[in-house]
Amino acid sequence: MKTNDVGTSEKADYDISIIRPQMRVEEIQMRGQGMSPERLNGIKQGLITLHTAETMAINVYKFQITSEESELNLHLIAAMANEMTHLQDFQIKLFEYGWKPSKLRWINWLVSATFGFFARLRGKKAILKTGIWVETKAVHHYDEFLKTIEWDEDTRRIVEKNRADEYGHITRWEKLLQSNEA
């Protein structure tokens, strides 16, 4: 997926320059009534996995940010803020369906904090390569879940928007990595 100069995705019509989309009270609703147990199980597993993955992305970025005033830190902060929005998206959906996040997500929190911290110690190139790796894994999950899970339309739009954001992060990190290597 490529993005154009204004930050909209060419694959889907999502403006990835928006870090935190607006949400209104009337958009919150109880979900899942009348759905088959199989469909609900797929949605639940997808939401838990995506919630956990976003927790990891937040921590990778959080532990990569330094106190230095730099372009990289600005991009890391923006990416972390965007990932925090994704985490909220999936946590809200979990609760709308009557579920809760995984009780074991703290393990992934520790692992991702370690990835972020050690990438920071290794320098800018390692930070960018770690970001590309993390976002590529996220995109894989998003792609797979969009193909295999029968989402409700509101949740599908959120999954698609968040996937577009992840592609945008990959593009940003690749551009920064190329400019750093040039």
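Provided above is the structure to which this section pertains.
Residues numbered from 1 in each chain as written. Predicted model: local features only at pLDDT ≥ 70, side-chain atom pairs only at ≥ 80, totals over all residues. Heavy atoms only, no water.

Novice: Describe the overall build of the protein chain, and please don't skip the residues or the numbers.
Specialist: Assigned secondary structure in the protein chain consists of five helices and zero strands. Compactness check: the protein chain gives a C-alpha radius of gyration of 17 Å against a globular reference of 16 Å for 182 residues, within 12% of the reference. Across its three principal directions, the C-alpha atoms of the protein chain cover 55 × 35 × 30 Å. Relative to its 182 residues, the protein chain shows a buried fraction of 46%. Summed over all atoms, the accessible surface of the protein chain reaches about 10,200 Å², with 55% contributed by carbon and sulfur. Of the side chains in the protein chain, 25 bear a positive and 26 a negative charge, and the two mean positions are spaced by 5 Å. (Helix = DSSP H or I, 4+ residues; strand = E, 2+ residues; numbered from the N terminus. Rg over C-alpha atoms; globule rule 2.2 N^0.38 Å. Buried < 20%, exposed > 50% of the residue type's maximum accessible area, 1.4 Å probe, protein only. Areas by Shrake-Rupley, 256 points an atom, 1.4 Å probe, with all protein chains shown as cover. Lys, Arg positive; Asp, Glu negative; His and termini not counted. Charge placed at Lys NZ, Arg CZ, Asp CG, Glu CD.)

Novice: Could you give me a rundown of the side chain of N73, with the residues and numbers involved?
Specialist: The topology assignment puts N73 in helix α2 (residues 71-96). Looking at N73, the relative accessible area reads 5%, which means it is buried. At a separation of 2.5 Å, a polar atom in the side chain of N73 contacts the main-chain carbonyl oxygen of E68. With near-sequence residues (within four places) excluded, N73 lies in contact with Q64, I65, T66, S67 and E68. (Polar contact = N/O pair within 3.5 Å; in protein donor to acceptor, adjacent residues only side chain to side chain. Contact = heavy atoms within 4.5 Å.)

Novice: I'd like a description of α2, backed by residues and values.
Specialist: For α2, with 26 residues, the first-to-last C-alpha span of 38 Å sits near the 38 Å given by 1.5 Å per residue. Remark: G98 follows α2 within two positions and exhibits a positive phi of approximately 90°. (Expected span 1.5 Å × (residues − 1).)

Novice: Tell me about the pattern of salt bridges, residues and numbers included.
Specialist: In this structure the tally under the stated criterion is nine salt bridges. With a closest N to O distance of 3.1 Å, D152 and R31 form a salt bridge. Taken together, the positions of D152 in the loop between α4 (124-148) and α5 (153-181) and R31 in the segment before α1 (37-64) put the pair 121 residues apart, joining distant regions of the chain. Of the two residues, D152 and R31, both sit in the buried class. Between D154 and R157 there is a salt bridge, and its shortest N-O distance comes to 2.5 Å. Remark: R157 and D154 occur in helix α5; sequence separation between them is three residues, near one turn of the helix. Assessed through its relative accessible area of 27%, D154 is described here as partly exposed. (Salt bridge = Lys/Arg side-chain N within 4 Å of Asp/Glu carboxyl O.)

Novice: Quick rundown of the packing of helix α3 (residues 105-122) against α4? Include the residues and the values.
Specialist: At a minimum axis distance of 7 Å, the contact between α3 and α4 shows a crossing angle of 145°. Between α3, through F115, A119, R120 and R122, and α4, the contact on the second element is made entirely by A126, I127, T130 and W133. Among the residues forming the contact of α3 with α4, the class breakdown is five nonpolar, one polar and two charged. (Axes fitted to C-alpha atoms, helices over the stretch in contact; angles between N-to-C directions. Nonpolar A, V, L, I, M, F, W, Y, C, P; charged D, E, K, R; others polar.)

Novice: Account for the nonpolar core, naming residues and giving values.
Specialist: Formed by 17 residues in total, the largest nonpolar core has its most connected members in I43, L47, L50, F90, W151 and V159. Of all the elements in the fold, those that place two or more residues in this core are α1, α2, α4 and α5. Every residue in contact with L50, bar those within four places of it in the chain, is listed here: F90, H141, Y142, F145, W151 and V159. Within the second largest apolar cluster, 15 residues are counted, among which are L87, I127, L128 and L177. (Core = buried A, V, L, I, M, F, W, Y, C linked by side-chain atoms within 4.5 Å.)

Novice: Tell me about the packing of aromatic side chains, residues and numbers included.
Specialist: Tallying each qualifying case throughout the model produces six aromatic pairs. Between Y61 and W173, the ring centres sit 5.7 Å apart and the planes meet at 55°, which makes this aromatic pair tilted. Of this pair, Y61 sits in helix α1 while W173 sits in helix α5, and the two are 112 residues apart along the sequence. With a relative accessible area of 1%, W173 lands in the buried category. A ring pair is formed by F63 and W109, whose centres lie 5.8 Å apart and whose planes are at 90°; its orientation type is edge-to-face. Of this pair, F63 sits in helix α1 while W109 sits in helix α3, and the two are 46 residues apart along the sequence. (Phe/Tyr/Trp six-rings, centres within 6.5 Å; stacked < 30°, edge-to-face > 60°.)

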